[in-house]
Amino acid sequence: MDGRYFIRGVLYVPLTERNDEFGWGVWAEVERSVFIRYLEVFESDASNEAPGLGFLANEIPGYDDAKNECLSIRFGRSDQRPTFFAQPDSRSSLARHQRVGLDDEGYHAMLVAAGAI
């Protein structure tokens, strides 16, 4: 197993006026050791695992400044995708939205940027 390693997960952004969240399905490029550990715990509850690190491997419409964003990866339960979190000190708009959320206007702008409406 040589080369590049990727994990698919969800990066959630809270929606402040809806008491809900929006999840982007994204890929993170990870070190081999993180990928191997993910394979080892894939079929179990890994909620107590220490988070791994990775980097956002795809672009998210409307978040051009988040290219290669450093992510914390939490594996969680076997019936869920891992969840991704931008670093607390990140200054990207994606990290800011993940920390403080999006109001309805911001949510609408995000959907427009993604071509969903």
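Residues numbered from 1 in each chain as written. Predicted model: local features only at pLDDT ≥ 70, side-chain atom pairs only at ≥ 80, totals over all residues. Heavy atoms only, no water.

**Student:** I keep staring at the pattern of salt bridges and nothing clicks. Help me out?
**Tutor:** Two side chains with opposite charge may pair up if their charged atoms get near one another. What the rule picks out here adds up to 5 salt bridges. Where arginine 18 meets aspartate 104, a salt bridge forms, and the shortest distance between an N and an O atom there is 3.0 Å. Taken together, the positions of arginine 18 in the loop between strand S1 (5–15) and strand S2 (20–30) and aspartate 104 in helix H3 (residues 104–113) put the pair 86 residues apart, joining distant regions of the chain. On the accessibility criterion, aspartate 104 (30% relative accessible area) is partly exposed. Residues arginine 77 and aspartate 79 are paired through a salt bridge, measuring 3.0 Å at the closest nitrogen-oxygen approach. Residue classification places arginine 77 among the partly exposed residues on the basis of a relative accessible area of 39%. Owing to a relative accessible area of 58%, aspartate 79 belongs among the exposed residues under this scheme. A single network of salt bridges, built from pairs that share partners, joins Arg37, Glu40 and Glu49. (Salt bridge = Lys/Arg side-chain N within 4 Å of Asp/Glu carboxyl O. Helix = DSSP H or I, 4+ residues; strand = E, 2+ residues; numbered from the N terminus. Buried < 20%, exposed > 50% of the residue type's maximum accessible area, 1.4 Å probe, protein only.)

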